[in-house]
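Chain residues, written in single-letter form:
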Amino acid sequence: MVRFLPFLISLVLSVYALFSCIQTRDEDVPYLPKLVWIVLIVFVPFVGPIVWLLMSRTEAVRRERAAVPKAKPTTRPVAPDDDPDFLATLDRYRDPRTTIKPPEPEPQDKTPEDEDPEPGKA
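To start, this report covers the structure provided alongside it.

Observations regarding helix α1 (residues 5-23)
In an α-helix there are 3.6 residues to a turn, and that puts residues three or four apart on one side.
Alright, step 1. Spanning 19 residues, α1 covers 27 Å between terminal C-alpha atoms, matching the ideal 27 Å at 1.5 Å per step.
Alright, step 2. Those residues of α1 not exposed but buried are Ser10, Ser14, Ala17 and Cys21. Along α1, the residues classed as buried sweep out an arc of 75° about the axis, all on the same side. Facing away from the buried side of α1 by more than 90 degrees, the exposed set consists of Val12, Tyr16 and Gln23.

What follows is the structure, given as structure tokens:
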């Protein structure tokens, strides 16, 4: 049984690599045409399938890195008092008893009937 183990490993590796190569799109096959890879996998035991698996994996990683754009580091405000989000959260912690409110504007549309001529009499 031990003497059949290298043959069995080579067969399983070749079948796996062959199916992997056949299912790969033509545009994604690395370096050589797909037909050449199939011939290498079938006729060069151990080396052909191992080279296919290594090359296809490195090509996939290379394509993945090229497809993902590098994210720019987000620019953050230098100090908390420059951050509008931080300043907006401070309003809920502000004590209304110590906050100076802006004066309310007086109504401009007063007519003589609205005014009381003698403020002391009711």
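Structure shown, so let's carry the discussion forward.
Notes on the pattern of salt bridges
Alright, step 1. Here the structure, examined in full by the defined rule, presents 3 salt bridges.
Alright, step 2. Residue Glu27 is joined to Arg25 by a salt bridge in which the shortest nitrogen-to-oxygen separation is 3.9 Å. Of the two residues, Glu27 and Arg25, neither departs from the other in class, the shared state being exposed.
Alright, step 3. Salt-bridge contacts for Asp26 lead to Lys34; the nearest nitrogen and oxygen are separated by 3.5 Å.
Alright, step 4. Lys34 sits in the buried class, given a relative accessible area of 19%.
Alright, step 5. Here the residues in one salt-bridge network are Arg25, Glu27 and Asp28, joined through shared partners.

Each value, and the rule that gives it
Residues numbered from 1 in each chain as written. Predicted model: local features only at pLDDT ≥ 70, side-chain atom pairs only at ≥ 80, totals over all residues. Heavy atoms only, no water. Helix = DSSP H or I, 4+ residues; strand = E, 2+ residues; numbered from the N terminus. Expected span 1.5 Å × (residues − 1). Buried < 20%, exposed > 50% of the residue type's maximum accessible area, 1.4 Å probe, protein only. Arc of directions from axis to C-beta. Salt bridge = Lys/Arg side-chain N within 4 Å of Asp/Glu carboxyl O.

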